[in-house]
Amino acid sequence: MHSTYNRISTILSHASTALMVLLGLVAATSYLTLPSAEPGTVDVKTVQVYQERYRPNEVAWVRFDLDADLRSLWTWNTKQVFAYLVVDYHDAPNSTLSANEPGADGAIVEGRKAENSIVAWDRIIRRQRDGRLRIEGGRNKYPLKAVGKKFFGAEPFRARLMYNVQPWVGLLTYGEAGATKNVLEWPKAQSAMQ
Amino acid sequence: MDSLKQLRKMGVRQILLQALTFGSVLASGLMMWKALGLVCNTESPIVVVLSGSMEPAFKRGDLLFLTNFPNEKFEVGDITVYKLPHQGIPIVHRVIEAHDDSTVLDQFLLTKGDNNPEDDKSLYGSRMKGLKRSNVIGRVKGFLPYVGYVTIVLNDFPQLKYALLGGLGLLALIQKE
Amino acid sequence: MDILNNVQRSVQRVIEGKIDFTAQKHAETATYAILSLTTVLSFLAGYIAQDLRFSLAVFGISLLALLLALVPPWPYLNAHPVPWRAPVPTSTSASPSSKTD
């Protein structure tokens, strides 16, 4: 502490430690006092499966209703919430998993039963007041592509609304804010979507 | 003459001692990095975000803490850092499709940057249709903003890096105690 | 010329920033104490206000105040100069230690 340079460097080095402690405290308390969202409702209204010409994989389109309130997830350490609708289903036994083409890995195993989760829709919510989700007749943002080539014959699916809370500093957290009440059947493919 | 010799001897000793201190600082840093990698089971437990493809969640220069435990499956919504075999730079993107295969104990993942309109299929190239677990370095668990920006600046202006290294070295040699 | 010299000397003094021993000790303790207190206070302030930015603002302002209070060699940091003994007037001035060359 005898010279100007020495005092600046001592104070700044203590201050950076103190700042890290402060941010650690913020991260720890916001993780320990983590809010959760009230379960909302997810309703899949229609499912249509198409077989496009010259494409091996079927593609599905869904229409859904969402009603959920994610505003409770905002605290002083919430930067944004990523809300996403997930479709989960099991492939029919013996369907081939084309995500792994023979060229890439070579391992094609018979009798596999893949477990699939696909994000059908998502939204980045940056402000608390936008956290009230009320969607009617929403359509999937991303085409649901059957990795096992066909949906028909695959086990029925369910859809769930998930969220990922992104803090200003600290740990990322995840949670569920509603799911379909019952499982839904995959219909037979209609051919050639224009 | 005699005292001059003694002084020079002291000088060498002093310089060597300084070099040793400098080396031990570097070594302990490396040790902590490797220990953290061991605990988190990943080759790089801390990464700096280099692109804006995950904005507004992650900006350039934000620091991410990763884990990659073998018994934890990747799920949709997880933010992963992966490295493609034909590309050197790790990419931070979110998993939007996960296909688990119980028979071969692997997962096939499709990722997408929150800020990108398209998924990463075009990034993977024609030979890969999805990521495998072995492509993934880790899953983002923790977040610290801005701190990594220094490394971006140092990478963008390499002269600054050498100036800083030289300055630090000089300071370590000059400073007594 | 004399004024110029004086200015130069005082600028140099500020840059060098020597403070007395008592102040050095106090500055060290004050840095620890104030930064620890600041950390706790800014956390509480942010938590109560539910505003992270407010918390960081409290921290930043306190840090600036601390730097301003301790870095320049203010007169209060030189209030305890070491009392040197008055020079002893001696006619046989050569000290024994300097003779050994």
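Residues numbered from 1 in each chain as written. Chains lettered and ligands numbered in written order. Predicted model: local features only at pLDDT ≥ 70, side-chain atom pairs only at ≥ 80, totals over all residues.

**Notes on the domain arrangement of chain A**
Residues and elements named next belong to chain A.
- The domain boundaries assigned to chain A delineate domain 1 (1-33) and domain 2 (35-191).
- With 5 residues of domain 1 at the contact, the number on the domain 2 side is 6 residues.
- For the side of domain 1 that touches domain 2, a count of residues per class yields 4 nonpolar, 1 polar and no charged. (Domains from an automatic or database assignment. Contact = placed C-beta atoms within 7 Å. Nonpolar A, V, L, I, M, F, W, Y, C, P; charged D, E, K, R; others polar.)

**A closer look at the interface of chain C and chain A**
- Between chain C and chain A, the contact holds 27 residues from the first and 21 residues from the second.
- Those elements that provide at least two residues to the side of chain C that touches chain A are α1 (2-16), α2 (21-49) and α3 (52-70) of chain C.
- The leading source of residues in the side of chain C that touches chain A is α2(C), at 13 residues.
- Classifying every residue of the side of chain C that touches chain A gives 14 nonpolar, 9 polar and 4 charged. (Helix = DSSP H or I, 4+ residues; strand = E, 2+ residues; numbered from the N terminus.)

**Overview of the pairing of strand β4 (residues 115-125) of chain A**
- Taking burial as the measure, the 11 residues of β4(A) include 8 buried ones, the bulk of the element.
- Bridge count between strand β3 (residues 78-90) of chain A and β4(A): 10 bridges; the pairing is antiparallel. Of the residues in β4(A), the one forming a bridge with Y84(A) is D122(A).
- The sheet contact formed by β4(A) and strand β4 (residues 91-101) of chain B spans 4 bridges and is antiparallel. By the bridge assignment for β4(B), I118(A) is matched with E97(B). (Buried ≥ 20, exposed ≤ 12 C-beta atoms within 10 Å, placed from the backbone. Pairing = 2+ DSSP bridges.)

**Structural notes on the pairing of β4(B)**
All names here are of chain B.
- Counting buried positions over the 11 residues of β4 gives 11, a clear majority of the element.
- As defined by bridge partners, strand β3 (residues 79-82) adjoins β4 across 4 bridges and the pair is classed as antiparallel. By the bridge assignment for β4, Y82 is matched with I91.
- Taken together, the 7 bridges between β4 and strand β5 (residues 106-112) define a ladder with antiparallel strand orientation. Residue pairing across strands places H99 opposite F108, the latter belonging to β5.

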